[in-house]
Amino acid sequence: MTLEEFLAARFKEEEALALEALGEHGYGASPWSFDEKNGGFDFGFPNEHFNVPIGKFDPRMQHMARHDPRKVLREVAAKREVVEASWSADGERAAGLGQAIWLLATAYATHPDYKSIQDS
């Protein structure tokens, strides 16, 4: 497996989970947020809204809120653009970007296939 194949597979997994989290309501769902005033994790769909009260300063809920599926989809798109931009017109890795692509891969270091790309 090449580095690019590894990253493409991870991006596809992240994208699929984000789309699944949006569910049948898709982009009509409200953004995820942490409700500072009430101390809860807010998310919703066009006809439903949920607030999971946890506590005003619970870092777990703040972390979850920052992983709104829409944000994940934007991040996946940006990462794909970085990988694509790393190639020059002549099919060679653009100067300096090869290391950046490897750094993107380190985010997935716990994935079982990560070792195989390190060995290649």
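Residues numbered from 1 in each chain as written. Predicted model: local features only at pLDDT ≥ 70, side-chain atom pairs only at ≥ 80, totals over all residues. Heavy atoms only, no water.

Notes on helix 4 (residues 97-106)
Within helix 4, burial applies to Gly98, Ile101 and Ala105. All buried residues of helix 4 lie within an arc of 60° about the axis, which places them on one face of the element. Opposite its buried face, helix 4 presents the exposed residues Gln99 and Leu103, each directed more than 90 degrees away. Packing partners of the buried residues in helix 4 comprise helix 1 (3-22), helix 3 (69-85) and helix 5 (114-118). (Buried < 20%, exposed > 50% of the residue type's maximum accessible area, 1.4 Å probe, protein only. Helix = DSSP H or I, 4+ residues; strand = E, 2+ residues; numbered from the N terminus. Arc of directions from axis to C-beta. Contact = heavy atoms within 4.5 Å.)

A word on the environment of proline 69
With respect to the helices and strands, proline 69 occurs in helix 3. Along the chain, proline 69 and glutamate 14 lie 55 residues apart, while their C-alpha atoms are 9.3 Å from each other.

A closer look at the nonpolar core
Ranked by internal contacts, the top residues of the largest apolar core, which has 15 residues, are Leu3, Phe6, Leu7, Phe11, Ala105 and Ile117. Of all the secondary-structure elements, those providing two or more residues to this core are helix 1, helix 3, helix 4 and helix 5. Looking at this core, the element that brings in the most residues is helix 1, giving six residues. Residues contacting isoleucine 117, with those up to four places away along its chain left out, are Met1, Thr2, Leu3, Phe6, Trp102 and Ala105. (Core = buried A, V, L, I, M, F, W, Y, C linked by side-chain atoms within 4.5 Å.)

Thoughts on the packing of helix 1 against helix 4
Interaxial distance between helix 1 and helix 4 falls to 10 Å at its minimum, and their mutual angle equals 45°. Relative to helix 4, the element helix 1 lies oblique. Once helix 1 is placed against helix 4, the crossing between them reads as left-handed. Within the contact between the two elements, helix 1 uses Leu3, Phe6 and Leu7 and helix 4 uses Ile101, Trp102, Leu104 and Ala105. In terms of residue class, the contact of helix 1 with helix 4 is built from seven nonpolar, no polar and no charged. (Axes fitted to C-alpha atoms, helices over the stretch in contact; angles between N-to-C directions. Parallel < 35°, antiparallel > 145°, perpendicular 65-115°, else oblique. Left-handed = near helix turned anticlockwise from the far one by under 90°. Nonpolar A, V, L, I, M, F, W, Y, C, P; charged D, E, K, R; others polar.)

Regarding the pattern of salt bridges
Enumeration over the complete set of coordinates arrives at five salt bridges. Salt-bridge contacts for lysine 79 lead to glutamate 14; the nearest nitrogen and oxygen are separated by 3.6 Å. Linking lysine 79 in helix 3 with glutamate 14 in helix 1, this pair joins segments that are 65 residues apart in sequence. (Salt bridge = Lys/Arg side-chain N within 4 Å of Asp/Glu carboxyl O.)

Notes on the packing of aromatic side chains
Applying the stated criterion across every chain, the model contains three aromatic pairs. Seen from their ring centres, phenylalanine 6 and tyrosine 108 are 6.3 Å apart, and the 80° between their planes marks the pair as edge-to-face. Taken together, the residues phenylalanine 6 in helix 1 and tyrosine 108 in the loop between helix 4 and helix 5 connect sequence positions 102 residues apart. Judged by relative accessible area, tyrosine 108 falls into the buried class, the value being 10%. An aromatic cluster of at least three residues, connected via ring pairs, comprises Phe6, Phe11, Tyr108 and Tyr114. The residue whose ring lies beneath arginine 10 is phenylalanine 6, and the NZ or CZ to ring-centre distance is 4.8 Å. Here the guanidinium or amino end of arginine 93 rests over the ring plane of tryptophan 87, the centre of that ring lying 4.1 Å away. (Phe/Tyr/Trp six-rings, centres within 6.5 Å; stacked < 30°, edge-to-face > 60°. Lys NZ or Arg CZ within 6 Å of the ring centre and 35° of its normal.)

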